[in-house]
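Inside the fold
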Amino acid sequence: MSAGIVNALLEVKDLQVFFKGIKTITALSGISFSIGESETLALVGETGCGKSVVAHAIMRLLPSESRVKGIVKFRGKNLLELSEKEMIEIRGKEIGIIFQNPSLALNPVYSIGHQLAEPLHVHRKEKKERALSMAAGALKNMGFANATEYVRYYPSWCSGGMNQRFLIAASTMLDPALLIADEPGKGLDRKCMSELETELKKLKVEKKTALLLISHDLGFVKRLADRVAVMYAGEIVEIADSSSVFESPLHPYSKGLLNSLPEKGFIPIPGFSPSLSNPPSGCRFHPRCSLRKMHCTENHPDLTEINGRAVRCFLYH
Ligand SMILES: Nc1ncnc2c1ncn2[C@@H]1O[C@H](COP(=O)(O)OP(=O)(O)O)[C@@H](O)[C@H]1O
Ligand code: SF4
Ligand SMILES: [Mg+2]
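Residues numbered from 1 in each chain as written. Chains lettered and ligands numbered in written order. Predicted model: local features only at pLDDT ≥ 70, side-chain atom pairs only at ≥ 80, totals over all residues.

Comments concerning the site of ligand 1
As a matter of local geometry, ligand 1 sits amid 13 residues, with F19, A27, G48, K51 and S52 nearest to it. Among the elements of the structure, β2 (25-35) and α1 (51-59) are those that each provide at least two residues to the shell around ligand 1. In terms of residue count, α1 provides more of the shell around ligand 1 than any other element does, three residues in total. (Near = placed C-beta within 6 Å. Helix = DSSP H or I, 4+ residues; strand = E, 2+ residues; numbered from the N terminus.)

A few points about the environment of A131
Summarising the element assignment, A131 is placed in helix α5 (residues 128-141). Separated by 15 residues in the primary sequence, A131 and L116 have C-alpha atoms spaced 8.2 Å apart. Ignoring anything within four residues of it in the chain, the contact list for A131 reads A117, L120, H121 and E126. (Contact = placed C-beta atoms within 7 Å.)

Points about the nonpolar core
Across soluble globular proteins, nonpolar side chains show a tendency to be buried alongside one another. Core analysis: the biggest nonpolar cluster contains 87 residues, and L212 and V230 have the highest contact counts within it. Contact partners of V230, with chain neighbours within four places excluded, come to V44, G45, I236, V237, E238, V245, H251, Y253, S254 and L257. (Core = buried A, V, L, I, M, F, W, Y, C linked by C-beta atoms within 7 Å. Buried ≥ 20, exposed ≤ 12 C-beta atoms within 10 Å, placed from the backbone.)

Some words on the pairing of strand β3 (residues 40-44)
Residues in a regular strand project their side chains so that they alternate between the two faces of the sheet. Most of β3 is tucked away, with five of its five residues classed as buried. Side-chain alternation along β3 places T40, A42 and V44 on one buried face and L41 and L43 on a second face that is also buried. Of the strand pairs in this sheet, β3 and strand β8 (residues 210-214) are connected by four bridges, and their pairing is parallel. Counted as the bridge partner of A42 is L213 from β8. Relative to strand β9 (residues 227-232), β3 runs parallel, the two sharing four bridges. Among the inter-strand pairings, A42 is bridged to a residue of β9, identified as V228. (Pairing = 2+ DSSP bridges.)

Remarks on the site of ligand 2
Close contacts around ligand 2 come from P252, C283, F285, H286, C289, L291, R292, C296, P301, C313, F314 and L315, and that covers them all. Residues of the shell around ligand 2, tallied by class, amount to 10 nonpolar, one polar and one charged. (Nonpolar A, V, L, I, M, F, W, Y, C, P; charged D, E, K, R; others polar.)

Digging into the sheet that holds β2
Strand pairing in a sheet relies on backbone hydrogen bonds. The paired strands run either parallel or antiparallel. One open sheet holds the four strands; their spatial order is β2-β1-β4-β5, and the pairing between them is antiparallel. At either end of the open sheet lies a strand with only one pairing partner, and these are β2 and β5 (77-78). Alignment of strand β1 (residues 10-19) against β2, held across eight bridges, turns out to be antiparallel. Opposite F19, over in β2, you have I25 as the bridge partner.

Have a look at this one:
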């Protein structure tokens, strides 16, 4: 099955997230997927479709005005049922997360070395000196020739690309089994993107880290992901092996996303993403879909299995 795999490391089942306000926003309406050990699953889709909400819901980092339903099973435990104390143990130690803005994620008042050494000191009770030398060792492994210098640097002294690599080092100091990377390349130039890609590939090969990769850069996704889940308006509309999605996408929205790639001629998808406080009736993509039938405007398609992949579209029912 493409949406789920046997012996999954992470299994997300029917995840729903609501934000209460003047109008309730249903940011996620029943998201299900799984990630196996050392597997990379990418979440793609236009801005506002709910990718970051998925990441924050898994890590239990959503704001208090949110309501979350469903199951987020990690190594057999439902994270949504754990106490905050138990969750603190999971964050960083078993699941690492890197956000899109490294300058905000790194603390400006502490040195890079301090921020890399802190998790070792706190969680593994390593002595400060030893934790610091392990931090320098981690940077050396990442190809920083003068690693012992860099541990004394502060985030504001470094470029965005370097800080993003420091952030990856900080998020993986404790060898988490799963790393969630939410738009890790946003704002980085081509050279930094390529370094980031090398770093993420190394984690997968050398440390067998599983990765939930969120990125709007489909070229980056194509080079890194084993499987791809395409999201639209708070739902998964297609999930399959990366090569199937890129070579023969099924859902009209997936096809549209790929057509907007430079090599396919930058053809934009007409129309706009719908509001999540009042999504369209029937298939959420119907107002923008050139293949819609009357049936699509009134009925909501399920995510259906087809040849080992899953798609949410009446064309395949
Ligand atoms: N704190 C919040 N309060 C209210 N609505 C939110 C909040 N965070 C996210 N949302 C809603 O969830 C939707 C998905 O957001 P997000 O996951 O950040 O999208 P993206 O796919 O760009 O990462 C947004 O369009 C917004 O409507
Ligand atoms: S269900 Fe209908 S409207 Fe929705 S994507 Fe498929 S063809 Fe288009
Ligand atoms: Mg986001």
